[in-house]
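Residue-level listing of the chains:
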Amino acid sequence: MSIYRLDNGFVFLFYEKETTDKESKILSDALASNFGTGPFKKEQTTEILQYAFNYYTERLIGILNTKTELRFYQAIFFLHEITCHFTTKFPNK
């Protein structure tokens, strides 16, 4: 994971291409097994997006249930605070 600290104090994290490719494949396979490979109807968009959201929510909860270190939760809180500050300062960016 690459971490960039900008001059204005913001921090951005980027995952390596291998990680995003792996995660994209995992989600794509899960979507294909539940919805097929398309083409999809416009009405299915909300259902597919809800499935993807629930999929990653369950994965995150699984990770959180295994973490007991305070530092992990401090890092999550820090990243959340930076995200909130950034979206407030630069809405719709």
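Values in this document were obtained by computation on a predicted structure and should not be read as measured data.

Parameters at a glance
Residues numbered from 1 in each chain as written. Predicted model: local features only at pLDDT ≥ 70, side-chain atom pairs only at ≥ 80, totals over all residues. Heavy atoms only, no water. Core = buried A, V, L, I, M, F, W, Y, C linked by side-chain atoms within 4.5 Å. Buried < 20%, exposed > 50% of the residue type's maximum accessible area, 1.4 Å probe, protein only. Helix = DSSP H or I, 4+ residues; strand = E, 2+ residues; numbered from the N terminus. Contact = heavy atoms within 4.5 Å. Pairing = 2+ DSSP bridges. Phe/Tyr/Trp six-rings, centres within 6.5 Å; stacked < 30°, edge-to-face > 60°. Axes fitted to C-alpha atoms, helices over the stretch in contact; angles between N-to-C directions. Parallel < 35°, antiparallel > 145°, perpendicular 65-115°, else oblique. Left-handed = near helix turned anticlockwise from the far one by under 90°.

Caption draft 1: Spotlight on the nonpolar core. Within the largest apolar cluster, seven residues are counted, these being L27, A30, L31, F35, I48, A52 and Y55. Breaking this core down by element, the ones donating at least two residues are helix 1 (17-35) and helix 2 (45-64). Apart from the residues within four sequence positions on either side, Y55 is in contact with I26, L27 and A30.

Caption draft 2: Fine view of the pairing of strand 2 (residues 11-14). Relative to strand 2, strand 1 (residues 2-5) runs antiparallel, the two being bridged by four bridges. In the sheet register, R5 faces strand 2, and the bridge partner there is V11. The antiparallel pairing of strand 1 with strand 2 creates a hairpin that spans five residues between the two strands, and G9 there sits at a positive phi of about 95°.

Caption draft 3: Highlighting the packing of aromatic side chains. Across all of its chains, the model carries five aromatic pairs by this definition. Ring centres of F35 and Y51 lie 5.6 Å apart, and the angle between their planes is 85°; on these two criteria the pair is classed as edge-to-face. Of this pair, F35 sits in helix 1 while Y51 sits in helix 2, and the two are 16 residues apart along the sequence. F35 sits in the buried class, given a relative accessible area of 19%. Note on F86 and F90: the rings are 5.0 Å apart at their centroids and 45° apart in plane angle, and the pair reads as tilted.

Caption draft 4: Layout of the packing of helix 1 against helix 2. The interhelical angle for the contact between helix 1 and helix 2, taken along N-to-C directions, is 130°, at an axis separation of 11 Å. As the angle between them shows, helix 1 and helix 2 are arranged oblique. Between helix 1 and helix 2 lies a crossing of right-handed hand. Contact residues: helix 1 offers E23, I26, L27, A30, L31, N34 and F35, while helix 2 offers E47, I48, Y51, A52, Y55, Y56 and R59.

Geometric values such as these leave the question of function open.
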